[in-house]
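In case you want the letters, here they are:
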Number of protein chains: 4
Amino acid sequence: MDLGMIGLGRMGANMGERLLRGGHRVAGYDPGEAARAAAAARGIETVESLAALVDALPAPRALWLMVPAGPIVDDTIAALRPLLAAGDTVIDGGNSFYRDSQRRAEQLAAAGLGWLDVGTSGGIWGLEEGYSLTVGGDAALAGRLAPLFASLAPAPDRGWGHVGPAGAGHFAKMVHNGIEYGLMQAYAEGFAILQRKEALGFDLAQVAEIWREGSVVRSWLLDLCAGSLRDNPGLEGIAPYVADSGEGRWTVAEAIDLDVAAPVITQALIERLRSRDDAAFADRLLAALRDAFGGHGVRHD
Amino acid sequence: MDLGMIGLGRMGANMGERLLRGGHRVAGYDPGEAARAAAAARGIETVESLAALVDALPAPRALWLMVPAGPIVDDTIAALRPLLAAGDTVIDGGNSFYRDSQRRAEQLAAAGLGWLDVGTSGGIWGLEEGYSLTVGGDAALAGRLAPLFASLAPAPDRGWGHVGPAGAGHFAKMVHNGIEYGLMQAYAEGFAILQRKEALGFDLAQVAEIWREGSVVRSWLLDLCAGSLRDNPGLEGIAPYVADSGEGRWTVAEAIDLDVAAPVITQALIERLRSRDDAAFADRLLAALRDAFGGHGVRHD
Amino acid sequence: MDLGMIGLGRMGANMGERLLRGGHRVAGYDPGEAARAAAAARGIETVESLAALVDALPAPRALWLMVPAGPIVDDTIAALRPLLAAGDTVIDGGNSFYRDSQRRAEQLAAAGLGWLDVGTSGGIWGLEEGYSLTVGGDAALAGRLAPLFASLAPAPDRGWGHVGPAGAGHFAKMVHNGIEYGLMQAYAEGFAILQRKEALGFDLAQVAEIWREGSVVRSWLLDLCAGSLRDNPGLEGIAPYVADSGEGRWTVAEAIDLDVAAPVITQALIERLRSRDDAAFADRLLAALRDAFGGHGVRHD
Amino acid sequence: MDLGMIGLGRMGANMGERLLRGGHRVAGYDPGEAARAAAAARGIETVESLAALVDALPAPRALWLMVPAGPIVDDTIAALRPLLAAGDTVIDGGNSFYRDSQRRAEQLAAAGLGWLDVGTSGGIWGLEEGYSLTVGGDAALAGRLAPLFASLAPAPDRGWGHVGPAGAGHFAKMVHNGIEYGLMQAYAEGFAILQRKEALGFDLAQVAEIWREGSVVRSWLLDLCAGSLRDNPGLEGIAPYVADSGEGRWTVAEAIDLDVAAPVITQALIERLRSRDDAAFADRLLAALRDAFGGHGVRHD
């Protein structure tokens, strides 16, 4: 099939290359000249404007956005709309909030344009291993574009699917990332316990490696743990500063909104907040209070 | 090699069969006649007493305990000791507390007997897929018995290893199970959020299936989630009652003892406690308090 | 001073009565006839429409809203606006979300009208013990209406204050309620532990009563615990169902938005969600998973 | 009454002084000469050995231990036993683990000696405000020594009581401290949220002061918060390092042992552990993992 890829950063360029390998034709646009050049070097047919991208594709067109979640998605859609014709489809493969996707689907439908939101997992490994894709939007439209998903996925009939109406693809991805936070935190805590048990002298990378086969906790994230711990057993030089991208926050907010108790996903998010809070005002107040009632004294900064 | 297996329940019998497949000779004892008969039917050479088991093995003997953690381990070791000769080895493959294993290793060493504690993961799937084994105890002894571990593991050189002195094998397994609690809870919360989002109509088994390939959250536990949700999409008839076997409690206690913050593993345990507490006294008191200060009223049982 | 009270439910009527006791003149309106009659019986000068209320007050007027948070606040303000004159002030003493209060303040300011948002704590005890009031909005305006706050508060110069610009009063109240969730949950857990320790046979009401004097945990909420446990030691007939009014959710969302780790307030909210979730899908999935890998079986509903 | 106080540190000396004010005779012993001298200056009749202390008291004697929890309690009891006569009583007013108290009660009973364990709350404020006391042990014995408790408590008939058999006094104090952890953390989180909301410019001490009167969250700990925030609004120079004394850990362990879900008390403890863990291995591993799957990069130490 023919696809227009908007956003040729690491994710967009990798996905474009995987589509090329799948026999599709990929035209690509990115506002950055360097990104365009790099993508061109990988075989993607790059153009210098959204208008040129639209022109380069046969109708009905499929435009795949792979840009950071947020206002840039709305801005790009706003710029695309006057260029598109009824029957064209906008696909958002980024980490957008599902309610934004629902709103965008409605706005595009009013103009006769199609919409799919695709929750995309796989990170930098997706190029070789394939991407896990949850597709939201019109089922018939998802069916028509199935060859694209089949090429991006790990196997034509596995690792992707149409999961519901507009927003469902990004909702599923949001929950995926919430789960991911919980899984990562569980492993991190476990290895921290092993690491602190100095009397037993564990080789963390070895333990991780053993668990990779046959154990109940084997997983792809454990594979990565094993690699990280093998490459840098003491995790030297890596600051205990854990960013979060938004999906975890949305999952926590959605769980509360749905009255679902999600203590582990929530604590995993909170631990990330804590990791970035050097000021730790709450802890300072606790220290002050202990001193106030017990005369325990405090440590000084 | 020759091995004596003590305890021919599901785990012991399966492990015995896997060892047989690996070309070892397995003699087995279980106090239960039915268990012995079932094991015999699977090719294990069963005997009717510990003494007969010891007699059936050439020195230096290897005796593998696969019995429930707790006093039965001490009782069995006490019964074995007068029957064993210097150089024989007792292996505990069950879920014993690592400090008990350290104590038992010392007691046996004083009698010239060897000890290995083997954290064994794999559950009922281990027979076919192999067991993940973390071995604690004397390194030379673990090396001498390596052929047994190589046969039990998923592959001769993968999925098992000698991880440290006596106790280390069970310590690692304890942490493994703590991680397992956290992983399971993370998935359970995620699917609960999807399930409650009725407006999007997710097919949970489908989403699980999609994530099994290419996603960041792919894992063996997710494979099981997919199976459980496919077999029983509404989880009908399954009570929300989650048992715990002790390893999670020990992990939480050990984390606190080591001053390691393990919020996710801990919350996963707490959620299990909560699942079994229908009386929910704390919640009743909260309801009473809300009424006391706000006149909000309460629901009645 | 003269005040118009809009909303003569329990909170509004009680506050009106306390203002009367303070020597103020209180005109009141409520759409419900019964509420008006009850308030009139307590000495509040009731009228049958917002227009009549506005007419009954000398300019510049002070109108105090004591209605449920949400659209009814906007509706009431919309109905009031054409009736008011520049220099009049709307006061929201309910549990509105602070961002709504900021928006309302701006809208009213554009019409030359004043705004104060008053976080009001004290519940049904406020009539006798006074209300704790955090006032947000223009400082000079708060100063002009100080006699009202002084009468509502426990003492003229204590228990109330102007804490910041519009929204600050409700923001502080939101955090107050978040703290309240955490405090209540801490007590509830503690008494649940005592209750479950059957071997020591605690009389919970007695322990609560002892702690009320001299202990580090003494508080007004503990006073209420003591009362609830004395009146109904087993909390018989009170269902473990804990409602939440919104302020706790906002606190959790705000903490995340500000990157502040608030694990205890958050867990207290989550516990309330859990208390109301009989279906407990997550727990069912955990039970199913344990069975899937360990063959542990499940309990049936 | 006559009392022998063993341990004349801050708590012991203050309690001795309060008993003197209550008209009792207090003989005191401490191994430290400076502590003895300071106590003597406050009117306590000090002696230089346990033997001298026992000699100084009329039978049946009451010996009150106010020493750090742990082996020193056993050592002191071992040293006392040969000096005491049947009918004498040992009282432990420190923060001992309740199971130790149960064991000690049994050991002393076997020698005809009485035992009371007294959970003592009030900290450095107890001298003036009185101590909250939960007494465990024989009811008749507690009744005989009631005049001592009546003088130590905030009022003769309030703030103290016999709550159960040996161990019950310390069990209640353990839970008291668990609750205390939760309460402190709830306040600390709330004030941290207010502090971080810079756009509203809260004066934290003012808000605390307002809430002290009439609000649902008013408490003695809030009084202390108000004082700490007034004295040092930015909590300058106070490190975010929060010690814990053991009682919180025991509460968490006991809750788990009793199958009681105590998420808030537990998280409050975990937050203290986290406050002291600068290495934060778990967070480092999370950062490494995010980089491994997403190529997000890491911050460097």
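Definitions and limits used
Residues numbered from 1 in each chain as written. Chains lettered and ligands numbered in written order. Predicted model: local features only at pLDDT ≥ 70, side-chain atom pairs only at ≥ 80, totals over all residues. Heavy atoms only, no water. Helix = DSSP H or I, 4+ residues; strand = E, 2+ residues; numbered from the N terminus. Buried < 20%, exposed > 50% of the residue type's maximum accessible area, 1.4 Å probe, protein only. Contact = heavy atoms within 4.5 Å. Areas by Shrake-Rupley, 256 points an atom, 1.4 Å probe, with all protein chains shown as cover. Lys, Arg positive; Asp, Glu negative; His and termini not counted. Charge placed at Lys NZ, Arg CZ, Asp CG, Glu CD. Axes fitted to C-alpha atoms, helices over the stretch in contact; angles between N-to-C directions. Parallel < 35°, antiparallel > 145°, perpendicular 65-115°, else oblique. Left-handed = near helix turned anticlockwise from the far one by under 90°. UniProt positions renumbered as here; feature names shortened; annotations may be inferred. Phe/Tyr/Trp six-rings, centres within 6.5 Å; stacked < 30°, edge-to-face > 60°. Lys NZ or Arg CZ within 6 Å of the ring centre and 35° of its normal. Buried area = accessible area lost by both parts, 1.4 Å probe. Salt bridge = Lys/Arg side-chain N within 4 Å of Asp/Glu carboxyl O. Polar contact = N/O pair within 3.5 Å; in protein donor to acceptor, adjacent residues only side chain to side chain. Least-squares fit on C-alpha atoms with pLDDT ≥ 70 in both. Pairing = 2+ DSSP bridges. Domains from an automatic or database assignment. Expected span 1.5 Å × (residues − 1).

**A closer look at the overall build of chain A**
- Across its full length, chain A carries 14 helices and eight strands.
- Taken along the three principal axes of its C-alpha coordinates, chain A extends 75 × 40 × 35 Å.
- For chain A, with 301 residues in total, the buried portion stands at 63%.
- A fraction of 65% describes how many contacts in chain A between residues 6 or more apart in sequence connect residues 24 or more apart.
- Here chain A displays about 9,800 Å² of accessible surface, and carbon together with sulfur accounts for 52% of that area.
- Each charge sign in chain A was given a centre, from 26 positive and 38 negative side chains, and these centres are 2 Å apart.

**A look at the packing of helix α12 (residues 247-257) of chain B against helix α13 (residues 263-275) of chain B**
Residue and element names in this part refer to chain B.
- Put simply, α12 and α13 touch, their axes get as near as 10 Å, and they point 135° apart. Relative to α13, the element α12 is oriented oblique. For the element pair α12 and α13, the recorded crossing hand is left-handed. Taking contact as the criterion, the partners of Gly-248, Arg-249, Thr-251 and Val-252 in α12 are, on α13, Ile-265, Thr-266, Leu-269 and Leu-273.

**A look at the UniProt feature "domain: 6-phosphogluconate dehydrogenase C-terminal" (unreviewed entry) in chain A**
- The feature "domain: 6-phosphogluconate dehydrogenase C-terminal" (unreviewed entry), as given by UniProt, occupies residues 169-297 of chain A in the numbering adopted here.
- Taken as a whole, residues 169-297 of chain A contains 67% helix and 0% strand, while its terminal C-alpha atoms sit 53 Å from one another.

**Remarks on the packing of aromatic side chains**
- As enumerated under the stated definition, the model contains 32 aromatic pairs over all chains in all.
- Taking the centre distance of 6.0 Å and the plane angle of 55° together, the rings of Trp-64 of chain C and Phe-149 of chain C count as tilted. Of this pair, Trp-64 of chain C sits in strand β4 (residues 62-65) while Phe-149 of chain C sits in helix α8 (residues 146-152), and the two are 85 residues apart along the sequence. The burial state of Trp-64 of chain C is the same as that of Phe-149 of chain C; both residues are buried.
- We note Arg-272 of chain B situated over the ring of Tyr-181 of chain B; from NZ or CZ to the ring centre the distance is 3.7 Å.

**Notes on the interface of chain B and chain A**
- Between chain B and chain A, the contact holds 70 residues from the first and 70 residues from the second.
- Both faces considered, chain B and chain A share a buried interface measuring about 5,900 Å² in area, 70% of it formed by carbon and sulfur atoms.
- Taken together, chain B and chain A are joined by six salt bridges.
- Across the pair Arg-218 of chain B and Glu-129 of chain A runs a salt bridge whose closest N-O atoms are separated by 2.4 Å.
- Here chain B is connected to chain A by 24 residue pairs in polar contact (both at pLDDT 80 or more).
- Counting residues per element, the side of chain B that touches chain A draws most heavily on helix α9 (residues 168-196) of chain B, which supplies 18 residues.

**Things to note about the relation of the copies chain B and chain A**
- For the pair chain B and chain A, the best superposition has an RMSD of 0.0 Å and corresponds to a rotation of 180° with a translation of 0.0 Å parallel to the axis. Read as a symmetry element, the transformation amounts to a two-fold axis. When each C-alpha of chain B is compared by its distance to the rotation axis, Ser-219 of chain B comes out closest, at 1.9 Å.
- In this assembly the copies share their binding face: 100% of the residues contributing to the interface of chain B also contribute to that of chain A.

**A look at the relation of the copies chain C and chain D**
- Between chain C and chain D, the superposition needs a rotation of 180° and an axial shift of 0.0 Å, giving an RMSD of 0.0 Å.
- Take the interface residues of chain C: 100% of them recur as interface residues in chain D, which is what a same-surface contact looks like.

**Observations concerning the sheet that holds strand β8 (residues 160-164) of chain D**
Residues and elements named next belong to chain D.
- Spatially, β3-β2-β1-β4-β5-β6-β7-β8 is the arrangement adopted by the eight strands of the open sheet, whose pairing is mixed. With one partner strand each, in any of the chains shown, β3 (45-47) and β8 form the two edges of the open sheet. The sheet shows a mean angle of 25° between the axes of neighbouring strands, taken without regard to direction.
- Where strand β6 (residues 114-121) meets strand β7 (residues 132-137), six bridges bridge the pair, whose relative direction is antiparallel. Counted as the bridge partner of Ser-121 is Ser-132 from β7.
- Sheet contacts for helix α5 (residues 98-110): β5 (89-92) and β6; angle to β6, the most-contacted strand, approximately 155°.

**Looking at the domain arrangement of chain A**
Residues and elements named next belong to chain A.
- Domain assignment breaks chain A into domain 1 (2-164) and domain 2 (173-202 + 239-284).
- The straight-line distance from the C-alpha centre of domain 1 to that of domain 2 is 31 Å.
- Between domain 1 and domain 2, the contact holds nine residues from the first and eight residues from the second.
- Viewed at the interface, domain 2 and domain 1 are joined by two salt bridges.

**As for helix α14 (residues 281-294) of chain A**
- For α14 of chain A, with 14 residues, the first-to-last C-alpha span of 20 Å sits near the 20 Å given by 1.5 Å per residue.
- In the stretch just after α14 of chain A, Gly-295 of chain A is the one whose phi turns positive, near 65°.

**Comments concerning the side chain of Arg-104 of chain C**
- Within the secondary structure, Arg-104 of chain C is located in helix α5 (residues 98-110).
- If sequence neighbours within four positions are ignored, Arg-104 of chain C has contacts with Gly-70, Val-73, Asp-74, Ile-77, Asp-92, Ser-96 and Trp-115 of chain C.

**Observations regarding the pairing of β7 of chain D**
Residue and element names in this part refer to chain D.
- Judged by how many residues are buried, β7 sits mostly within the fold: six of six residues are covered.
- Side chains Ser-132, Thr-134 and Gly-136 of β7 all project onto a buried face; the interleaved residues Leu-133, Val-135 and Gly-137 project onto the opposite face, where all are buried too.
- Bridge count between β7 and β8: four bridges; the pairing is parallel. In the strand pairing of β8, Val-135 is matched with His-162.

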